[in-house]
Amino acid sequence: MDLILTVLVLAIAIKWGNFKNWQAYYPTFLFWALGNFLYLHLTLAKPLWLFTTPMLPRQLAEIMMSLLMFPCFLLLFLPYFPQKGTLKKTGYILIWVFIFSGIEYWALKINHFSYFNGWRFTYSMIFNAFMFILLVIHYKSPLWAWLISIAATFVLMTLFQIPFLNQ
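About the criteria used
- Residues numbered from 1 in each chain as written.
- Predicted model: local features only at pLDDT ≥ 70, side-chain atom pairs only at ≥ 80, totals over all residues.
- Heavy atoms only, no water.
- Helix = DSSP H or I, 4+ residues; strand = E, 2+ residues; numbered from the N terminus.
- Rg over C-alpha atoms; globule rule 2.2 N^0.38 Å.
- Buried < 20%, exposed > 50% of the residue type's maximum accessible area, 1.4 Å probe, protein only.
- Areas by Shrake-Rupley, 256 points an atom, 1.4 Å probe, with all protein chains shown as cover.
- 1 Å grid on protein atoms, 1.4 Å probe; cavity = no way out; pocket = protein on both sides within 12 Å on 5 of 7 lines; lining within 4 Å.
- Points joined across faces, edges and corners; volume = space filled by probe spheres on them.
- Nonpolar A, V, L, I, M, F, W, Y, C, P; charged D, E, K, R; others polar.
- Axes fitted to C-alpha atoms, helices over the stretch in contact; angles between N-to-C directions.
- Parallel < 35°, antiparallel > 145°, perpendicular 65-115°, else oblique.
- Contact = heavy atoms within 4.5 Å.
- Patch = residues over 30% accessible without salt bridge, like charges linked within 9 Å, V, L, I, M, F, W, Y side chains within 5 Å.
- Salt bridge = Lys/Arg side-chain N within 4 Å of Asp/Glu carboxyl O.
- Polar contact = N/O pair within 3.5 Å; in protein donor to acceptor, adjacent residues only side chain to side chain.

Quick notes on the overall build of the chain
Then, in step 1: Scanning the chain for helices and strands turns up six helices and two strands.
Then, in step 2: Written out in order from the N terminus, the α and β elements of the chain read α-α-β-α-α-β-α-α.
Then, in step 3: Computed over C-alpha atoms, the radius of gyration of the chain comes to 16 Å, within 12% of the 15 Å expected from 2.2 N^0.38 for 167 residues, which places it in the range of a compact globule.
Then, in step 4: Counting only C-alpha atoms and orienting by the principal axes, one finds that the chain spans roughly 45 × 35 × 25 Å.
Then, in step 5: Within the chain, the proportion of its 167 residues that are buried is 39%.
Then, in step 6: Here the chain has roughly 10000 Å² of accessible surface; of this, 74% comes from carbon and sulfur atoms.

What to know about the layout of surface pockets
Gaps left between atoms are located by rolling a probe of water-molecule size over the structure's atoms.
Then, in step 1: Estimates place the volume of the largest pocket at around 1200 Å³.
Then, in step 2: Lining the largest pocket are 47 residues, with Asn36, Tyr39, Trp49, Phe127 and Met131 positioned closest to its centre.
Then, in step 3: The set of elements that each furnish at least two residues to the lining of the largest pocket consists of α1 (2–16), α2 (22–42), β1 (49–51), α3 (58–77), α4 (86–109), α5 (121–140) and α6 (142–159).
Then, in step 4: With eight residues, α6 is the single largest residue contributor to the lining of the largest pocket.
Then, in step 5: Taken together, the residues of the lining of the largest pocket break down into 34 nonpolar, 10 polar and three charged.
Then, in step 6: Taken as a whole, the second largest pocket spans an internal volume of roughly 190 Å³.
Then, in step 7: Trp119, Tyr123, Ile126, Phe127, Phe130, Ala152, Leu156, Leu159 and Phe160 are the residues that line the second largest pocket.
Then, in step 8: Mapped onto the lining of the second largest pocket, the elements with two or more residues apiece are α5 and α6.
Then, in step 9: Its residues assigned to classes, the lining of the second largest pocket shows nine nonpolar, no polar and no charged.

So, the packing of α5 against α6
Then, in step 1: Two elements in contact, α5 and α6, have axes separated by 6 Å at closest approach and are oriented at 150°. Between α5 and α6, the angle is such that the two are roughly antiparallel. Here α5 contributes Phe127, Phe130, Leu134, Ile137, His138 and Lys140 to the contact with α6, which in turn contributes Pro142, Trp144, Ala145, Trp146, Ile148, Ser149, Ala152 and Leu156.

Comments concerning the environment of Ile162
Then, in step 1: In this fold, Ile162 is placed in the segment after α6.
Then, in step 2: A relative accessible area of 4% means that Ile162 is categorised as buried.
Then, in step 3: For Ile162 and Gln23, which are 139 residues apart along the polypeptide, the C-alpha to C-alpha distance reads 35 Å.
Then, in step 4: Those residues in contact with Ile162 that sit more than four places away from it in its chain are Leu42, Thr43, Lys46, Leu48 and Met157.

Some points on a nonpolar patch on the surface
Then, in step 1: Together, Leu34, Leu38, Trp146, Ile150, Phe154, Phe164 and Leu165 line one region of the surface with nonpolar side chains, adding up to about 680 Å² of accessible area.
Then, in step 2: For the nonpolar patch, the secondary-structure elements that each account for two or more residues are α2 and α6.
Then, in step 3: When residues in the nonpolar patch are grouped by element, the largest group, three residues, is from α6.
Then, in step 4: With respect to the helices and strands, Leu165 occurs in the segment after α6.

A look at the environment of Thr90
Then, in step 1: Note on placement: Thr90 falls in helix α4.
Then, in step 2: Counting along the chain gives 39 residues from Thr90 to Ala129, while the straight-line C-alpha distance between them is 9.6 Å.
Then, in step 3: Within polar-contact distance, the side chain of Thr90 engages the backbone oxygen of Thr86 at 2.8 Å.

Rendered as structure tokens:
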């Protein structure tokens, strides 16, 4: 199933992704990948969610997600983001939240994804909305995105009682 999803996302990105202007999206891709790697490191002792795919070791699945899937999703998300209209922008983000949440729900149902330490599917949907908004902010104003991310990290780590320093 992981292979099918990966091939499907790659095929869709090749068909409709904006590879021609990939350099414009590269800093935001690095922001997203670094955010994921920081999540993995900061929550090593107390994760909120994890891939539990039997096909690949978890670390390899995370690397594949960050370095292969995220760029594909970004090349499909950012180039088509509406430039005008709050309703259009909101609807567009909601479509992507639905896509990501749908993929996560499917992964949960086939036991390729698990929640821990109080995390729930509802939180993932909220997180996905926040993440896509943050990606747009980063694309337009990286400094603001970093400041918001740092604040959100502190809030989430405090709410879910994740230690800032792992022993």
